[in-house]
Amino acid sequence: MKNYVMPLHIISWLFGTLVLVVGILNMFLVHPVPGIAYLLLSLVYFPPVNALLQYRLGFSVPLVVKIVLGIFLIMFTLGVSDLGDMID
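Residues numbered from 1 in each chain as written. Predicted model: local features only at pLDDT ≥ 70, side-chain atom pairs only at ≥ 80, totals over all residues. Heavy atoms only, no water.

Draft legend 1. Helix α4 (residues 63-79), seen in detail. Between its terminal C-alpha atoms α4 stretches 24 Å, which fits the 24 Å expected from 17 residues at 1.5 Å a residue. Taken together, the buried positions of α4 are occupied by K66, G70, L73 and T77. Angular distribution of buried residues about the axis of α4 spans 65°; they occupy a single face of the element. Counted as exposed and oriented over 90 degrees from the buried face of α4: V64, V68, F72, M75 and G79. (Helix = DSSP H or I, 4+ residues; strand = E, 2+ residues; numbered from the N terminus. Expected span 1.5 Å × (residues − 1). Buried < 20%, exposed > 50% of the residue type's maximum accessible area, 1.4 Å probe, protein only. Arc of directions from axis to C-beta.)

Quick look at the structure:
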């Protein structure tokens, strides 16, 4: 179990940073409301926030929920949002 913890933390940090950057780009290039939503959703992926949720509220976001949310965020960003149109 210990061998899987480090790669999952690295992937969480990378994906959280990616969603954070998309949120910042949305705030400046598209509209502040989806940008703020992306910024808040990016917090789910950072391990210290997950540990804080576990400590304060007694639960953390399960890995399956993070994966489904990540797939949804990627599909929404590239397929539906205005930021996806700017990339093309």
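Draft legend 2. The side chain of S42, seen in detail. If you trace the backbone, S42 turns up in helix α2 (residues 32-42). A polar atom in the side chain of S42 sits 2.7 Å from the backbone oxygen of L39. Not counting residues up to four positions away in its chain, the partners in contact with S42 are G16, V19 and L20. (Polar contact = N/O pair within 3.5 Å; in protein donor to acceptor, adjacent residues only side chain to side chain. Contact = heavy atoms within 4.5 Å.)

Draft legend 3. Structural context of the side chain of K66. Following the sequence through the fold, K66 ends up in helix α4. A residue is classified by how much of its surface remains accessible, and K66, at 9% relative accessible area, is buried. Excluding anything up to four places from it in sequence, K66 contacts V44, Y45, N50 and V61.

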